[in-house]
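# Notes for the structure review
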Amino acid sequence: MPRLSADAGHAVRLTVNGRAMEGEAEPRMLLTDFLRHKLGLTGTHVGCEHGVCGACTIQIDGAPARACLTLAVQADGAHIRTVEGLAPEPGRLSVLQEAFRRHHALQCGFCTAGILMSLDWYLRQTPEPSEAELREFLSGHICRCTGYVPIVAAALDAAKRLRETGEGK
Amino acid sequence: MKPAPFDYVRAATLAEAHDVLAAEASDAAVLAGGQSLVPLLSMRMARPKVLLDIMHIAELGGIRVENGAIRVGACVRQAELLAWPELATHQPLLAQAVPWIGHWQTRARGTVCGSIALADPSAELPLCLLALGGEVTLSSKQGRRGMKADEFFTGLMSTARRDDELIEAASFPCRRPGEGFAFREFARRHGDFAIVACAAIAMDNSVRLAVGGVADRPIVREFDGAGDEALAAFAKELDARDDLHATADYRRNLVRRLGRIAIDEARRCRV
């Protein structure tokens, strides 16, 4: 049972968007800061830093979670997906991202990465959500620009297209 | 908003965890899902010297039915309990209450026993454990002991757990024939802390009502009749608190209103 001391950096190895990655973290380093500062993945945004706003939402071992409520050392060995992993290839957006663009589901874009990571997971679990279900699900995210209407519209549209194309699986 | 420094220990066995707690006592904090502890660390309201991560202890996983109760191990996340196919059959109250805990994104990490260990007075799981007359299993190097919920919750964010102990599991009694259950909560937005939450259990000749968010801990009362007058008297006796979300009187009023709805629904749901 190794004890990681407070004042030293320790190797954290994890899989991010399908690639094995490694960085050094003190035990107190949050996963948000590890992703951004150690791995250079700045798509994950830091908002409230206490789990309320949802901007830093990523997928940890296949489920959406707040990166700011997780320590980097806790994530050693985990499989992580961030917004950088959503696009199927460079220059092409995912069905969900495309729907966000079409519906103007973002203005400043600060909350968007977190919302995308949540919805990417949710639409795979719930291919045919009602608007009420989507709104309840989105209660874990705060957007101060859009008023949520275009976000909900984009999610419903993306769900429909994913059902039609079978890409959601 | 960065935590103060601490050492990190990832225990692989229960015995290792007990050793750390025996050596460090109040200098250690037990880390499970971290959905409350990590923000407390970030805000520096908690400053442990050592963080003991128990999520890799295989002995602490799993949900099983044992001695008429659902035994939930310390590593079981709230989302895992909610997705357990037998939950609504064995304990409808939990099936109704768990979706009210935080958000999908926090239930995916937060654990059942972690919420009970924190003992937030507005939290759903301590309320359900108390309403159902459940218990926690505490263990340390000294041994193992069971403790009923009404002895375990001792006040605002405080419990009878000793510093060298950890919660191994929580046991929620399964539904018995003739019982009906209902859960009601009021908050500004879904996922916020409850201003008032009510859990009602209707039985043959009585009804039990537990309320959270009102006093410094969840409170339970058993009624024979549970008419409006009895409910109003109960609400009046509660040591309700004022805060920026609601006054004490507003909370008592919510207990009367939501309590009534929950009790009536629980009676209709008796099978």
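### What to know about the overall build of chain B
Secondary structure assignment for chain B yields 11 helices and 14 strands. Its C-alpha atoms give chain B a radius of gyration of 18 Å, near enough to 18 Å, the size a compact globule of 271 residues would have. With the principal axes as the frame, chain B shows a C-alpha extent of 55 × 40 × 30 Å. Sorting the 271 residues of chain B into buried and exposed places 52% on the buried side. A fraction of 64% describes how many contacts in chain B between residues 6 or more apart in sequence connect residues 24 or more apart.

### Concerning the overall build of chain A
For chain A, the helix and strand inventory stands at 5 helices and 6 strands. Relative to the globule expectation of 15 Å for 169 residues, the C-alpha radius of gyration of chain A, 16 Å, shows essentially globular dimensions. Seen through its C-alpha atoms, chain A measures out along the principal axes to roughly 50 × 30 × 30 Å. Counting only residues that meet the buried cut, chain A has 47% of its 169 residues in that class.

### Regarding the pairing of strand β5 (residues 63-66) of chain A
Residue and element names in this part refer to chain A. As paired elements, strand β4 (residues 57-60) and β5 share 4 bridges and run antiparallel to each other. What sits directly across from I58, in β5, is A65. Count of turn residues in the β4/β5 antiparallel hairpin: 2 residues, of which D61 carries a positive phi of about 45°.

### Digging into the interface of chain B and chain A
Tallying the contact residues gives 29 residues for chain B and 28 residues for chain A. If you list the elements that add at least two residues to the side of chain B that touches chain A, you get β1 (7-10), α2 (37-42), β3 (50-53) and α6 (104-107) of chain B. Here the side of chain B that touches chain A is composed, by residue class, of 15 nonpolar, 8 polar and 6 charged. Inspection of the sheet shows strand β1 (residues 3-4) of chain A paired to β1(B) by 2 bridges, in the antiparallel sense. Looking at β1(B), one finds that L4(A) is bridged to Y8(B).

### Here we look at the domain arrangement of chain A
Accessible area lost upon the coming together of the parts is a frequently used measure of interface size. Residue and element names in this part refer to chain A. Domain parsing of chain A yields domain 1 (10-85) and domain 2 (95-164). Centre-to-centre, using C-alpha coordinates, domain 1 lies 22 Å away from domain 2. Contact with domain 1, which involves 15 residues of that partner, is made by 11 residues of domain 2. If you list the elements that add at least two residues to the side of domain 1 that touches domain 2, you get β4 and β5.

### Digging into the domain arrangement of chain B
All names here are of chain B. In terms of domains, chain B is made up of domain 1 (7-53), domain 2 (63-173) and domain 3 (181-268). The C-alpha-based centres of domain 2 and domain 3 are spaced at 20 Å. Across the contact, 20 residues belong to domain 2 and 18 residues belong to domain 3. In terms of residue count, the dominant contributor to the side of domain 2 that touches domain 3 is helix α8 (residues 124-131) (6 residues). Looking at side-chain class alone, the side of domain 2 that touches domain 3 contains 14 nonpolar, 5 polar and 1 charged residues.

### Points about the sheet that holds β5(A)
All names here are of chain A. In space, the 5 strands of this open sheet follow the order β3-β2-β6-β4-β5, with mixed pairing throughout. Taken across any chain shown, the strands that pair with only one partner, and hence form the sheet edges, are β3 (19-25) and β5. Across the sheet, the axes of successive neighbouring strands diverge by a mean angle of 40°, strand direction being ignored. In this structure, strand β2 (residues 10-16) lies alongside strand β6 (residues 79-81), joined through 2 bridges in parallel fashion. Looking at the pairing, V16 lines up with I80 of β6. In the packing of helix α3 (residues 112-125) onto the sheet, the strands contacted are β4, β5 and β6, and the crossing angle to β4 comes to about 40°.

### Quick notes on the environment of P90(A)
Here P90(A) lies in the loop between β6 and α2 (95-102). Each C-alpha atom, one on P90(A) and one on R36(A), is 20 Å from the other, the two residues being 54 residues apart in sequence.

### Comments concerning the packing of α2(A) against α3(A)
Residue and element names in this part refer to chain A. Running from N to C, α2 and α3 cross one another at 130°; their axes reach a closest spacing of 10 Å. Between α2 and α3, the interaxial angle falls into the category oblique. Between α2 and α3 the crossing geometry is right-handed. Along the contact surface, α2 presents L96, Q97 and F100, while α3 presents T112, L116, L119, D120 and L123. A per-class count over the contact of α2 with α3 returns 5 nonpolar, 2 polar and 1 charged.

### What about the nonpolar core?
By size, the foremost hydrophobic cluster in this structure holds 140 residues, and its most contacted members are L52(B), I54(B), C128(B), A199(B) and A200(B). The leading source of residues in this core is α3(A), at 8 residues. When sequence neighbours within four positions are dropped, the list of residues in contact with A200(B) reads A182(B), V207(B), L209(B), A262(B), I263(B) and A266(B).

### Some details on unusual backbone geometry
Even without being glycine, D61(A) reaches a positive phi, approximately 45°. Looking at the element boundaries, D61(A) is found in the loop between β4 and β5. Notably, A25(B) is not glycine yet its phi reads approximately 45°, a positive angle.

### Overview of α3(A)
All names here are of chain A. If you check α3, its first and last C-alpha atoms are 20 Å apart, about what 14 residues at 1.5 Å a residue would give, namely 20 Å. α3 sits mainly inside the fold: 12 of its 14 residues count as buried. Residues of α3 that are buried include every one of T112, A113, G114, I115, L116, M117, S118, L119, D120, W121, Y122 and L123, and no others.

Criteria and thresholds
- Residues numbered from 1 in each chain as written.
- Chains lettered and ligands numbered in written order.
- Predicted model: local features only at pLDDT ≥ 70, side-chain atom pairs only at ≥ 80, totals over all residues.
- Helix = DSSP H or I, 4+ residues; strand = E, 2+ residues; numbered from the N terminus.
- Rg over C-alpha atoms; globule rule 2.2 N^0.38 Å.
- Buried ≥ 20, exposed ≤ 12 C-beta atoms within 10 Å, placed from the backbone.
- Contact = placed C-beta atoms within 7 Å.
- Pairing = 2+ DSSP bridges.
- Nonpolar A, V, L, I, M, F, W, Y, C, P; charged D, E, K, R; others polar.
- Domains from an automatic or database assignment.
- Axes fitted to C-alpha atoms, helices over the stretch in contact; angles between N-to-C directions.
- Parallel < 35°, antiparallel > 145°, perpendicular 65-115°, else oblique.
- Left-handed = near helix turned anticlockwise from the far one by under 90°.
- Core = buried A, V, L, I, M, F, W, Y, C linked by C-beta atoms within 7 Å.
- Expected span 1.5 Å × (residues − 1).

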